[in-house]
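Structure assessment
Each chain is listed here by its residues.
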Amino acid sequence: MSIVTAKADYIRKANEVYLNLRSFEEVFSKEAKVITHAKCLLLREESLSDFEVGGIRVRVFQTVNGYDLYFENYVLSIVTYDRQIIDFQMKRVGSF
């Protein structure tokens, strides 16, 4: 492998990593908005219902331990206790 090929490969891979980080940053921002809004709603109300925050439409389904919050291609499962979020997990799902 020549130096030119190695540098080109490095640049291509570095660009791919940068684009992945950019995408992660956007998802993290949306996740933070949804969690913050859900936390505020829980403190003010007894339960959650569908809401919209920052242009993100969130569908809410109650579970045994808390709620599943569906937005875009993600589901954010939150565990609640005494109107507080004590744990959460986010994963990608098919379109909803």
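Residues numbered from 1 in each chain as written. Predicted model: local features only at pLDDT ≥ 70, side-chain atom pairs only at ≥ 80, totals over all residues. Heavy atoms only, no water.

Points about the pattern of salt bridges
Enumeration according to the criterion identifies four salt bridges in this entry. With a closest N to O distance of 2.8 Å, Lys30 and Glu72 form a salt bridge. With a gap of 42 residues between them, Lys30 in helix H1 (residues 3-44) and Glu72 in the loop between strand E3 (66-71) and strand E4 (74-81) connect regions that are remote in the sequence. Residue class for Lys30 comes out partly exposed when judged on its relative accessible area of 27%. Here Asp50 makes a salt bridge to Arg59, at a shortest N to O gap of 3.4 Å. The class of Asp50 is partly exposed, set by a relative accessible area of 41%. Residue classification places Arg59 among the partly exposed residues on the basis of a relative accessible area of 30%. Through salt bridges with shared partners, a single ionic network connects Asp9, Arg12 and Lys13. (Salt bridge = Lys/Arg side-chain N within 4 Å of Asp/Glu carboxyl O. Helix = DSSP H or I, 4+ residues; strand = E, 2+ residues; numbered from the N terminus. Buried < 20%, exposed > 50% of the residue type's maximum accessible area, 1.4 Å probe, protein only.)

Some details on the sheet that holds strand E5 (residues 84-92)
Pairing in this open sheet of five strands is antiparallel, and the strands run E1-E2-E3-E4-E5 from one edge to the other. The open sheet has two edge strands with one neighbour each: strand E1 (51-53) and E5. Geometrically, the sheet is characterised by an average inter-axis angle of 25° between neighbouring strands, direction not taken into account. Relative to strand E2 (residues 56-62), E1 runs antiparallel, the two being bridged by three bridges. (Pairing = 2+ DSSP bridges. Axes fitted to C-alpha atoms, helices over the stretch in contact; angles between N-to-C directions.)

Examining the environment of Lys91
With respect to the helices and strands, the residue Lys91 is situated in strand E5. Given the relative accessible area of 47%, Lys91 is considered partly exposed. Distance in space between the C-alpha atoms of Lys91 and Ile35 is 14 Å, their sequence separation being 56 residues. With sequence-adjacent residues up to four places away left out, Lys91 is seen in contact with Asn73, Tyr74 and Val75. (Contact = heavy atoms within 4.5 Å.)

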